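Notes for the structure review
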Amino acid sequence: MPAPVITPLEKRYSLIWYRRGKRNSIMYRELAVRLGAETRAIRNAVERLVTVHHMPICSSYDAKQAGYFWPVSQEEVLGQLRILIEGEE
């Protein structure tokens with residue numbers, strides 16, 4: 001089976017990659033502005049990056065620092081898994 005194709009928008013994931021750690025997250029609205037894309041397209045691209053391309057992109061719904069980020073610790077990865085399993089942050 002061939003590898004899934006990565007879209008042009010997904011190729012620009014470095015804007016998230018440079019956001020190391022939860023404290024440096026970037027909101028999807030800011031990503032949309034920077035990339036000139038619709039917010040729904042950003043959410044879909046991030047979802048595909050995680051589910052299809054297996055990139056470790058985490059998300060935070062923290063009121064102080066909401067957004068996407070690249071995890072830098074085991075605690076951040078486990079926190080993301082906990083959110084996915086339990087549905088809470």
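The model shown is predicted, which means the values in this text are computed figures rather than measured ones.

Here's the deal with unusual backbone geometry
Despite not being glycine, histidine 54 shows a phi value in the positive range, around 60°. Here histidine 54 shows up in the loop between α3 (39-51) and β1 (58-60). The class for histidine 54 is exposed, based on a relative accessible area of 64%.

With respect to the nonpolar core
Formed by 13 residues in total, the largest nonpolar core has its most connected members in Ile16, Leu31, Ile42, Val46, Met55, Ile57 and Tyr68. Elements with a contribution of two residues or more to this core: α2 (28-35) and α3. The element contributing the most residues to this core is α2, with 4 residues. Setting aside anything within four residues of it in sequence, one finds leucine 31 in contact with Leu15, Ile16, Ile26, Ile42 and Tyr68.

Describing the side chain of serine 25
Within the fold, serine 25 resides in the loop between α1 (14-17) and α2. Filtering out sequence-adjacent residues up to four positions away, serine 25 remains in contact with Arg19, Gln65, Ala66, Gly67, Tyr68 and Phe69.

Quick notes on the packing of aromatic side chains
With the rule as written, the count across this model stands at 2 aromatic pairs. Plain terms: the ring middles of tyrosine 13 and tryptophan 70 are 6.1 Å apart, the flat faces sit at 25° to each other, and that makes the pair stacked. Of this pair, tyrosine 13 sits in the segment before α1 while tryptophan 70 sits in the loop between β2 (67-69) and α4 (74-86), and the two are 57 residues apart along the sequence. Residues tryptophan 17 and tyrosine 18 carry aromatic rings whose centres are separated by 5.0 Å and whose planes lie at 80° to one another, so their mutual orientation is edge-to-face. When its relative accessible area of 32% is taken as the criterion, tryptophan 17 is described as partly exposed. One residue, arginine 20, lies across the ring of tryptophan 17, its end atom 4.0 Å from the ring centre.

Some points on α3
Between the first and last C-alpha of α3 there are 18 Å, a value that for 13 residues agrees with the 18 Å anticipated at 1.5 Å per step. Turning to α3, its buried residues are Ile42, Ala45, Val46 and Leu49. The arc that holds every buried residue of α3, seen down its axis, measures 95°, which confines them to one face. The inward-facing, buried residues of α3 abut α1, α2 and β2.

Conventions and cut-offs
- Residues numbered from 1 in each chain as written.
- Predicted model: local features only at pLDDT ≥ 70, side-chain atom pairs only at ≥ 80, totals over all residues.
- Heavy atoms only, no water.
- Helix = DSSP H or I, 4+ residues; strand = E, 2+ residues; numbered from the N terminus.
- Buried < 20%, exposed > 50% of the residue type's maximum accessible area, 1.4 Å probe, protein only.
- Core = buried A, V, L, I, M, F, W, Y, C linked by side-chain atoms within 4.5 Å.
- Contact = heavy atoms within 4.5 Å.
- Phe/Tyr/Trp six-rings, centres within 6.5 Å; stacked < 30°, edge-to-face > 60°.
- Lys NZ or Arg CZ within 6 Å of the ring centre and 35° of its normal.
- Expected span 1.5 Å × (residues − 1).
- Arc of directions from axis to C-beta.

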